Amino acid sequence: MLLTNNSNALGLYYWLQSRCEVYLYSERLELSWIRKLHPEIIVSYNYRYIVSKDIIKYMNGKIINLHISYLPWNRGSSPNFWSFIDNTPKGVTIHQIDVGLDTGKILYQKQCYFNEKTESFSSTYQKLNEEIVELFEEKWDEIRSGKYECYEQIGVGSCHSKKEFELLRSRIDFDWDEKIAEFLTRYQNVKHTGTQCAK
C-alpha cells in the first residue's frame, strides 16, 4: 500500500505496480480497513495524515516513510527549506513510522550536497525527491523481504511545523525558484534588523 497526497509519488506507484499488487491511498487510514486489506507493507510518501497508534501497532514495524531530510535533522514540515535556513545536513531517509513525528528507526539514508549559489528551493526539492525514490527502488527487495537492519536516530536533530513556515513567510516572502543564496542574504537582513523585506 502506498500512502500519498502528492502527484510526485505517481512515478513510484507505477514502478511498484509493475512489480507487485499495490493500492494507492490518499484518505485518512482506518484500522478496520487495514484489518480487511491486511497489506504486506505500507509505504508513506508525502502523506499529510498522521498514522494512528493502533495501526502502527497492528502493522508491527511494517510501515515506512520516505522523508526528504537527513534525519534526525528537519523532522516535520518543509524539511528541504529548513535545512538551508538552519544550515543543517541535507539528504533523504527511509525510516519506520512510530508514534512520534519522523522519529522512527532508520532503514536507509543518504546525505546530499547542493551549491546554494546555483540551486533554488524548487530544484533541490526535485533532486531530493529523485534521490529518495532512487534509494527506495534500489533497496525495495530488502524492504519487502524485511532483510534489513534498522537503527535508532542519533542526536536531538531538529523539527519544524507548518505554522513556523507560514510565520517566516509572513515576514519575508520568496519565489521557490529564487537562488537559495540570494534568499538567505535577504533572510539574514530581516532576521538582524527585524524589519519586513519583500523581493
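Parameters at a glance
- Here the residue numbering is sequential within each chain, running from 1 through the sequence in written order.
- In keeping with the predicted nature of the model, local features appear solely for residues at pLDDT of at least 70, side-chain atom pairs appear and are counted solely at 80 or more, and the whole-chain, interface and lining totals rest on all residues.
- The side-chain quantities take in all heavy atoms of the structure and omit both hydrogens and water.
- By the criteria applied, helices consist of DSSP H or I runs no shorter than four residues and strands consist of E runs no shorter than two, each listed in order from the N terminus.
- To get the radius of gyration, use the C-alpha atoms; to get the globule rule, take the number of residues to the power 0.38 and multiply by 2.2 Å.
- The buried label goes to any residue with under 20% of its type's maximum accessible area, the exposed label to any with over 50%, and the partly exposed label to all in between, with areas taken from a 1.4 Å probe on protein chains only.
- Think of the arc as the fan of directions from the helix axis to the C-beta atoms.
- The criterion used for residue contact is that any of the two residues' heavy atoms lie within 4.5 Å.
- Just to be clear on terms, a salt bridge is a Lys or Arg side-chain nitrogen sitting within 4 Å of an Asp or Glu carboxyl oxygen.
- We call a set of buried residues a nonpolar core when its members are Ala, Val, Leu, Ile, Met, Phe, Trp, Tyr or Cys and they connect through side-chain atoms within 4.5 Å of each other.
- Multiply 1.5 Å by the residue count of a helix minus one, and that product is the helix's expected span.
- A residue's bend is simply the angle between two axes: one fitted to the seven residues ending at it, one to the seven starting at it.
- Following DSSP output, two strands are said to pair if at least two bridges run between them.
- Between the rings of Phe, Tyr and Trp (Trp by its six-membered ring), a pair exists once the centres lie within 6.5 Å; its type follows the angle of the planes, with under 30 degrees stacked, over 60 edge-to-face, and the other angles tilted.

Asker: Before we go on, may I ask you to explain the overall build of the protein chain in this structure?
Answerer: Looking only at helices and strands, the protein chain features seven helices and eight strands. For the protein chain, the C-alpha radius of gyration of 18 Å lies close to 16 Å, the compact-globule estimate for 199 residues. Dimensions of the protein chain along its principal axes, counting C-alpha atoms only, are 55 × 30 × 30 Å. Buried residues in the protein chain amount to 45% of all 199 residues.

Asker: Would you mind going over helix α1 (residues 10–17) with me for this structure?
Answerer: Each full turn of the α-helix corresponds to 3.6 residues, which orients residues three or four apart in the same direction. The set of residues buried in α1 consists of Leu-12, Tyr-13, Trp-15 and Leu-16. End-on view of α1: buried residues confined to an arc of 165°, all on one side of the axis. Those residues of α1 hidden inside the fold are in contact with β1 (2–3), β2 (24–25), β3 (42–45), β4 (63–67) and α5 (121–145).

Asker: I'm lost on the pattern of salt bridges in this one. Help?
Answerer: Here the idea is simple: oppositely charged side chains can pair when their charged atoms come close. For the coordinates displayed, the defined rule picks out six salt bridges. With its nearest N and O atoms 2.8 Å apart, the salt bridge here joins Lys-110 to Glu-131. With Lys-110 in strand β7 (residues 106–112) and Glu-131 in helix α5, this residue pair connects regions lying 21 residues apart in the sequence.

Asker: Sorry, what's going on with the nonpolar core here?
Answerer: Here is a general trend for soluble globular proteins: nonpolar side chains tend to be buried in one another's company. In this structure, Leu-12, Leu-66, Phe-81, Ile-94, Phe-136, Ile-143 and Phe-183 are the most contacted members of the largest nonpolar core, which totals 42 residues. Among all residues touching Phe-183, those that are not within four sequence positions of it are Phe-81, Ile-85, Phe-121, Leu-168, Ile-172, Asp-173, Phe-174 and Glu-178. In terms of nonpolar packing, the next biggest core, distinct from the first, is built from 14 residues, Leu-29, Ile-34, Ile-56 and Ile-63 among them.

Asker: So what exactly am I meant to see when it comes to the side chain of Thr-124 here?
Answerer: Here Thr-124 is to be found in helix α5. Ignoring any residue separated from it by four or fewer positions in sequence, one finds Thr-124 in contact with Asn-80, Phe-84, Phe-114, Glu-119 and Ile-180.

Asker: Sorry if this is basic, but what is going on with α5 here?
Answerer: If you check α5, its first and last C-alpha atoms are 35 Å apart, about what 25 residues at 1.5 Å a residue would give, namely 36 Å. Along its length, α5 reaches its greatest deviation from straightness, about 60°, at Lys-139. Phe-121, Thr-124, Leu-128, Asn-129, Ile-132, Val-133, Leu-135, Phe-136, Lys-139, Trp-140 and Ile-143 are the residues of α5 that are buried. Downstream of α5 by one or two residues, Gly-146 has phi in the positive range, about 80°.

Asker: Explanation requested: the sheet that holds β2 in the structure shown.
Answerer: The strand order across the open sheet built from six strands is β2-β1-β3-β4-β6-β7, with neighbouring strands paired in mixed fashion. Single-partner strands in this sheet number two, and they are β2 and β7.

Asker: How should I be thinking about the packing of aromatic side chains in this particular structure?
Answerer: Pairs of aromatic rings are described using the distance from one ring centre to the other and the angle between the two planes. In total, this model carries 19 aromatic pairs according to the counting rule given. Centroid distance Phe-81 to Phe-121: 5.2 Å. Interplanar angle 40°. Geometry classified as tilted. Residue Phe-81 is located in helix α4 (residues 79–85), and its partner Phe-121 is located in helix α5; the two are separated by 40 residues in the primary sequence. Judged on exposure class, the residue Phe-81 and its partner Phe-121 are both buried. Between the aromatic rings of Phe-165 and Phe-174, the centroid separation amounts to 6.4 Å while the plane-to-plane angle is 85°, which identifies the pairing as edge-to-face. Among the residues examined, Phe-165 registers a relative accessible area of 7% and is labelled buried.

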